[in-house]
Amino acid sequence: MKLNELLEKYPYIKDIFDSYNLTLKNLDLTLDQFLDTINDDDLLEHGVTKNEIIVTINNLIEEIKDIEEEESKFNVETLTILGGYDKSGQKENIEITIKKGEIISVVGPTGSGKSRLLADIEWLAQGDTNTKRTILINGQKPSLDFRYSTDKKLVAQLSQNMNFVVDLTVKEFITLHAESRMVLNTEKIVQLIYEKSNELAGEKFDFDAPITSLSGGQSRALMIADTAFLSKSPIVLIDEIENAGINRKKALELLVSNDKIVIMATHDPILALLANKRLVINNGRISKIIETTKEEKEILPALEKIDQKLLTIRNKLRDGFIINKI
């Protein structure tokens, strides 16, 4: 394989050459041919041999292949919830299968068990949680790797509180994640995530802002965009996104457009009706599965107008205005 072909397929190899201050002038050469043009004494100044460079490159290629192989195992077409028991010990006679690209809302009174359902899905429960529910992936029980490994999680959860503790800027944080995933066109994907984050956030933030300085809404916006483009987890759980101060509709569209299964607990009627189906929770069990009707979809614009009016009033109050009419 010539250098130009090698770099096109594995662009991170260029970082290896750069670390040894090696300039790639003729990309039509093979790796061996290129190394033959280099003086051994020049390499010794960097404390490396030609063979060590080859080994380093081969190791990087194998690491990239391992990542690609792992990601191929993350193909989730369906997630199935098999009922367990409610808070009174009554059987939850339910079975629902959710397909890739679907949005499912989870609704019910505070304390009804919405978060418990999300926890069962996050843990890929196998009858071993308080609810005794079982979660199937593509109709099968998930492997122990997916249940207990820290780096092979099928489920990503965006909780109500997103607090960062690392001392990085927004750009450094996204770049670090992108490089750890060894994605192609790192700069392009980092810029895309930053732009999408600001589209979601109620208040814009800078590339160079420390992530520890971001508000709750800004943090949630950043993590939603990051999850959409960089997370390999095909299932995303969201707990009360309406409290985050972000563009909720755009957030859902962004996640679903990247082939995620999205399951969200919400009290927001707009979010509930944006979903394909909603699971109604009562006393710790799924009491109903309701498919969003055509009529419900048709009233969404009216609800969104009301929501926009409330948002306008909220912003005026924040800016110190007196509200004398609605």
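These numbers were taken from a predicted model, which means no experiment stands behind them.

Quick notes on the rules
Residues numbered from 1 in each chain as written. Predicted model: local features only at pLDDT ≥ 70, side-chain atom pairs only at ≥ 80, totals over all residues. Heavy atoms only, no water. Phe/Tyr/Trp six-rings, centres within 6.5 Å; stacked < 30°, edge-to-face > 60°. Helix = DSSP H or I, 4+ residues; strand = E, 2+ residues; numbered from the N terminus. Buried < 20%, exposed > 50% of the residue type's maximum accessible area, 1.4 Å probe, protein only. Lys NZ or Arg CZ within 6 Å of the ring centre and 35° of its normal. 1 Å grid on protein atoms, 1.4 Å probe; cavity = no way out; pocket = protein on both sides within 12 Å on 5 of 7 lines; lining within 4 Å. Points joined across faces, edges and corners; volume = space filled by probe spheres on them. Nonpolar A, V, L, I, M, F, W, Y, C, P; charged D, E, K, R; others polar. Axes fitted to C-alpha atoms, helices over the stretch in contact; angles between N-to-C directions. Parallel < 35°, antiparallel > 145°, perpendicular 65-115°, else oblique. Left-handed = near helix turned anticlockwise from the far one by under 90°. Contact = heavy atoms within 4.5 Å. Pairing = 2+ DSSP bridges. Salt bridge = Lys/Arg side-chain N within 4 Å of Asp/Glu carboxyl O.

Caption draft 1: Seen up close, the packing of aromatic side chains. Taken as a whole and judged by the stated rule, the model has 3 aromatic pairs. Each ring, one from Tyr 194 and one from Phe 207, has its centre 4.1 Å from the other, and the planes form 15°; the classification is stacked. Taken together, the residues span a long stretch of sequence, with Tyr 194 in helix H9 (residues 186-200) and Phe 207 in the loop between H9 and helix H10 (216-229) at a distance of 13 residues. Taking the relative accessible area as the measure of exposure, Phe 207 reaches 16% and is therefore buried. An aromatic cluster is defined as three or more aromatic residues linked by ring pairs; in this entry it consists of Tyr 194, Phe 205 and Phe 207. Sitting over the face of the ring of Tyr 85, Lys 91 holds its NZ or CZ atom 5.0 Å from the ring centroid.

Caption draft 2: Focus on empty space enclosed by the protein. Applying the stated criterion across every chain, the model contains 1 cavity of 30 Å³ or more. The space that makes up the largest cavity amounts to roughly 60 Å³. Contributing to the lining of the largest cavity are Glu 122, Trp 123, Leu 124, Phe 146, Arg 147, Lys 153, Leu 154 and Val 155. Of the residues contributing to the lining of the largest cavity, the split by class is 5 nonpolar, no polar and 3 charged.

Caption draft 3: A look at the packing of helix H8 (residues 170-180) against H9. Running from amino to carboxyl end, H8 crosses H9 at an angle of 130°, the nearest separation of the two axes being 9 Å. In this view, H8 runs oblique relative to H9, as classed from their interaxial angle. Of the two possible hands of crossing, H8 and H9 adopt the one that is right-handed. When H8 is examined against H9, the residues Val 170, Lys 171, Ile 174, Thr 175, Ala 178 and Glu 179 are found in contact with a partner set consisting of Thr 186, Ile 189, Val 190, Ile 193 and Tyr 194. Residue composition of the contact of H8 with H9, by class: 7 nonpolar, 2 polar and 2 charged.

Caption draft 4: Quick look at the pairing of strand S8 (residues 277-282). When you tally the buried positions in S8, you get 5 out of 6 residues, the bulk of the element. The pairing of strand S3 (residues 103-107) with S8 spans 4 bridges and is classified as parallel. Across the sheet, residue Val 107 finds its bridge partner in S8, namely Val 280. Inspection of the sheet shows S8 paired to strand S9 (residues 285-291) by 6 bridges, in the antiparallel sense. Across the sheet, Lys 277 pairs through a bridge with Glu 291, a residue of S9.

Caption draft 5: Structural view of the pattern of salt bridges. In the structure shown here, the tally under the stated rule is 10 salt bridges. Two residues, Arg 278 and Glu 296, come together in a salt bridge whose shortest N-O distance is 2.6 Å. Linking Arg 278 in strand S8 with Glu 296 in helix H13 (residues 294-298), this pair joins segments that are 18 residues apart in sequence. Taken as a pair, Arg 278 and Glu 296 share a single burial class, namely buried. Look at the salt bridges and you will find they share partners, linking Glu 92, Arg 116, Asp 120 and Arg 133 into a network.

The quantities given are spatial measurements derived from coordinates; they are silent on function.
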